[in-house]
Amino acid sequence: MPDKIVDMEPGASSGAMGGQPVLTSTSSPVSTKGRSGEMAVITGPVVIFLLWAGFVVAFIGSRGLWNPDEPRYLQVAWEMAVSKHFFVPTFNGLIYAQKPPLLFWLAIAFSHVIPFEYTTQAVSAMSGLGTLFLTYGIGSRLSGRRAGLCAALVLMSAGLYAWMIHTGNIDTLLTFFTTLSIYFYIRYADKGGLAWWYAACISTGMSILAKGPVGLIVFLVFVFSVKAVDRKNPVKLPASSLLFGMGMALVPVLLWLVPACITGGAAYTKMILFTQNVGRAVSSFAHRRPWYYYITQLPALFLPWSILIIMGIPRIFRSIREKNRDVLIYLAWFLSVFICFSLISGKRGRYLLPLFPALSLLVAHVADKWGREGKQSVSLVIMSGISGLVILILALFPVVALLFAKKHWVLSLFQIDFFAPPLLMMYGFCVAGGACLWLARQYRQERRAVFSTQAIALSVLFIMGAAHVYYVPVIDGVKSVKKASAMVKSLIPTGGHVAFFHSRYNNGWNFYLQKPHIEVVSAGELSAAARPWDVVITDKRYVNDLKALPGYRSAADLRAGGDIFYIFVPKRPPAIDNYPVAH
């Protein structure tokens, strides 16, 4: 194993969606006995699965690896698979102590059925599907199936979450396991069987294995918050069961951590136990933000549904005064995550992903109450207007790009052929999104707020589809190094040597060049080497230093990986095939 550690962090009628019963303000709950009840149970999950397959799975593989995290996580998993060291991850050959290995293990498992490049994206997609099902299940249990389906569609179309389930990241995996533990705990609170409690604890252990102790902290804060607010159904949890459950939560963690610390040594143990957990919580060395950071960020991250949440605050407060159990539980969930992450010094928007199911359930609750009360909401009008504006921008952009491509290099990336399949598909998605907004307007006029909300959610999904089918593949050329790596590969002779100049790069170069370790060299090491490296990669920070070296010439400059990279090769062909490197 390497002995160095790399520290990187850059009611009454049937509705449009699944035939769910619509309950107006004057209706009583519709019986779910018999055949219609069975169909109601089945329809919601089927709708969720079909939408997930059409708007998430269908786009896996449509692009390369994008910064900041996706290339790094994929590379770590790939290096683990190549080296067969499954306890201690590595990045560019150096020990990677930043994250536990669950994502990497799952990616390796997926690599047996799909290309390795898309494995972390597949893990996120499957985690996303699980969270959508759990959100539907929790909403159905606490608020009814109509609200459960609405919450799942809101979550699938909620800003940051809608994007993250398309990318290979750890936060969607953490969100799945924290939601799973909360689902099991709610079942325990309703049924009282300790098996549900222990299932919640094991799920919490898996969340720790996904991203560290934050999964345990969120779960415990949620449990004690619910015990404080859920007076209608108080849970009596014996101290012995609490302690035994926490022990069960640690089992999957210890099965990895003990052999990992033995294999990685003292430096790895210190890094994974203290620096990466206590250090980040108290005084983060990466992504340090003030305590109020998430207050300013969350409204944008949860668009367009943050508009409905903000305008629905009076309805939420009324539900609190009415002591609605579902709202109290959703708020306990939301506040557990929000406060915990706000107190941690290291902050990024994506860290809030585990509270998105709770917010989505609150959105569904507000919409359901508005519908039952026969109210129209200005927020639904605003959200429909925003979605319509985005569709209009997507539809007009190709024309703008055609007119101004010569003035702006970004616009020149778009090859405008109005009869090309991607552009035709993009316009098809835009038309479908517009049809959903028309449907939302019809439901809104009929004061059926839940269905109007679902229709807006569908319009957002079609917007995302339009972006993925046309815009994302074009931008991929400069956001990933996939295409650039093909050019660099052509410059490397068989058995040739590649180096990074002054800095390692987290853009996917190693994976696309199929080199588990690319050495990072200085100007002195380049000058002292017995022969030149075949290819040296650098960025704009160090390009002038490399140009000053007499033995190298610039072969290309490439917009790739979200940056500009410069590729240097020797001025004269190397005389020998294998050479020692002087240091």
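Sequence order as written defines residue numbering, which begins from 1 separately in each chain. Whole-chain, interface and lining totals are the exception, using all residues; otherwise, since this is a predicted model, local features are given only for residues with pLDDT of at least 70 and side-chain atom pairs are given and counted only at 80 or more. Remark: hydrogens and water are excluded; side-chain values derive from all non-hydrogen atoms of the structure.

Student: When you look at helix 20 (residues 482–491) in this model, what are you seeing that I'm missing?
Tutor: Residue pairs spaced three or four apart in an α-helix point in one direction, given the helix's 3.6 residues per turn. Every buried residue of helix 20 is accounted for by A484, S485 and V488. The arc that holds the buried residues of helix 20, viewed along the axis, is 100°, so those residues lie on one side. When the buried face of helix 20 is taken as reference, the exposed residues oriented beyond 90 degrees from it are K483 and S490. Note on exposure labels: buried denotes an accessible area under 20% of the residue type's maximum, exposed denotes more than 50%, and partly exposed covers the range between, all computed with a 1.4 Å probe on protein chains only. Only DSSP runs of H or I reaching four residues or more are called helices, and only runs of E reaching two or more are called strands; each is numbered from the N terminus. This arc is taken over the directions from the axis of the helix to the C-beta atoms.

Student: Explain the nonpolar core here, please?
Tutor: Among the buried residues, those of types Ala, Val, Leu, Ile, Met, Phe, Trp, Tyr and Cys that are joined through side-chain atoms within 4.5 Å form a nonpolar core. W197, F356 and W509 are the most contacted members of the largest nonpolar core, which totals 163 residues. Considering every element that reaches this core, the biggest residue donor is helix 19 (residues 449–479), with 13 residues. If near-sequence neighbours (up to four positions away) are discounted, W509 is found in contact with V481, A484, S485, V488, F500, I537 and F565. Ranked by size, the runner-up nonpolar core spans 13 residues in total, among them A499, L526, A529 and Y566. Contacts are assigned to residue pairs that have any heavy atoms within 4.5 Å of one another.

Student: Help me out: how do you make sense of unusual backbone geometry in this one?
Tutor: Among all residues save glycine, negative phi is the norm, and among peptide bonds the norm is trans. Residue P304 is reached from L303 by a cis peptide bond, and omega for that bond is 0°. Residue position: P304 is located in the loop between helix 11 (293–301) and helix 12 (305–311). Here H502, not a glycine, exhibits a phi torsion of approximately 75°, which is positive. Checked against the element boundaries, H502 lands in the loop between strand 4 (498–501) and helix 21 (509–513). For H502, a relative accessible area of 35% puts it in the partly exposed group.

Student: Looking at this model, I keep getting lost on the side chain of S319. Mind explaining?
Tutor: Topologically, S319 is positioned in helix 13 (residues 313–321). Sequence-distant contacts of S319, that is, excluding residues within four places in its chain, are made with N324, V327 and H365.

Student: Before we go on, may I ask you to explain the environment of T43 in this structure?
Tutor: With respect to the element layout, T43 can be found in helix 1 (residues 34–55). Taking the C-alpha atoms as reference points, T43 and R145, separated by 102 residues in sequence, lie 9.9 Å from one another.

Student: I tried to follow the pairing of strand 8 (residues 563–570) on my own but got confused; where do I start?
Tutor: The side chains of a regular strand alternate between both faces of the sheet. Most of strand 8 is tucked away, with 6 of its 8 residues classed as buried. The pairing of strand 6 (residues 535–539) with strand 8 spans 4 bridges and is classified as antiparallel. Note that in strand 8 the partner of I537 across the bridge is I567. Of the pairings in the sheet, the one linking strand 7 (residues 552–560) to strand 8 comprises 8 bridges and is antiparallel in character. Of the residues in strand 8, the one forming a bridge with D557 is Y566. As consecutive antiparallel partners, strand 7 and strand 8 are separated by 2 residues, and within that stretch G561 has a phi angle of approximately 60°, a positive value. Only when DSSP finds a minimum of two bridges between them are two strands counted as paired.

Student: Would you take a moment to explain a nonpolar patch on the surface for this structure?
Tutor: Patch membership needs two things, relative accessible area over 30% and no salt bridge, and members are linked within 9 Å if like-charged or within 5 Å if nonpolar (Val, Leu, Ile, Met, Phe, Trp, Tyr). Only the protein chains shown count as cover for residues, and all accessible areas are computed by the Shrake-Rupley method using a 1.4 Å probe. In the sections that follow, a salt bridge refers to a side-chain nitrogen of Lys or Arg positioned within 4 Å of a carboxyl oxygen of Asp or Glu. A cluster of nonpolar side chains, I310, M311, I313, F317, V378, I382, I386 and V390, forms an exposed patch at the surface whose accessible area comes to about 660 Å². At the level of secondary structure, the elements contributing two or more residues to the nonpolar patch comprise helix 12, helix 13 and helix 16 (378–404). When residues in the nonpolar patch are grouped by element, the largest group, 4 residues, is from helix 16. Residue placement: F317 occurs in helix 13. Residue classification places F317 among the partly exposed residues on the basis of a relative accessible area of 48%.

Student: Any chance you could explain the sheet that holds strand 8 here in plain terms?
Tutor: The strands making up a sheet associate through backbone hydrogen bonding, with each pair oriented either parallel or antiparallel. An order of 5-4-6-8-7 is seen for the 5 strands of this open sheet, with the pairing classed as mixed. Of all strands in the sheet, those bounded by a partner on one side alone are strand 5 (519–521) and strand 7. Ignoring strand direction, the axes of neighbouring strands in this sheet form an average angle of 30°. Fitted lines through C-alpha atoms serve as axes, helices being fitted only where they are in contact, and the angles separating the N-to-C directions of these axes extend from 0 to 180 degrees. Where helix 20 meets the sheet, it contacts strand 6, strand 7 and strand 8, and its direction lies at approximately 160° from that of strand 7.

Student: Any chance you could explain the packing of aromatic side chains here in plain terms?
Tutor: Describing an aromatic ring pair means giving the distance of the ring centres and the angle of the ring planes. In this scheme Phe, Tyr and Trp rings, the latter by its six-membered ring, pair at centre separations within 6.5 Å, and the angle between planes marks the pair as stacked below 30 degrees, edge-to-face above 60, and tilted otherwise. A complete count under the given rule lists 33 aromatic pairs for this structure. Taking the centre distance of 5.3 Å and the plane angle of 80° together, the rings of W509 and F565 count as edge-to-face. A residue pair is termed long-range when its members are at least 10 positions apart, and W509 in helix 21 and F565 in strand 8 qualify at 56 residues. The same class applies to W509 as to F565, namely buried. Grouping aromatic residues by their ring pairs yields a cluster made of Y185, Y188, W197, F219 and F222. Any Lys NZ or Arg CZ that is within 6 Å of a ring centre and within 35 degrees of that ring's normal is treated as a charge sitting over the ring. If you follow R63 out to its NZ or CZ, it ends over the ring of W66, 5.0 Å from the centre.

Student: Please clarify how the pattern of salt bridges should be interpreted in this entry.
Tutor: Opposite charge on two side chains permits them to pair, given that their charged atoms come into close proximity. Enumeration over the complete set of coordinates arrives at 16 salt bridges. Between R141 and D190 there is a salt bridge whose closest N-O contact spans 3.7 Å. Here R141 is found in helix 4 (residues 119–143), whereas its partner D190 is found in helix 7 (residues 171–191), with 49 residues between them in sequence. Taking relative accessible area as the criterion, D190 reaches 29% and is therefore assigned partly exposed. Measuring nitrogen to oxygen at the nearest pair gives 2.0 Å for the salt bridge that ties R315 to E373.

This is a description of form; function is not addressed.
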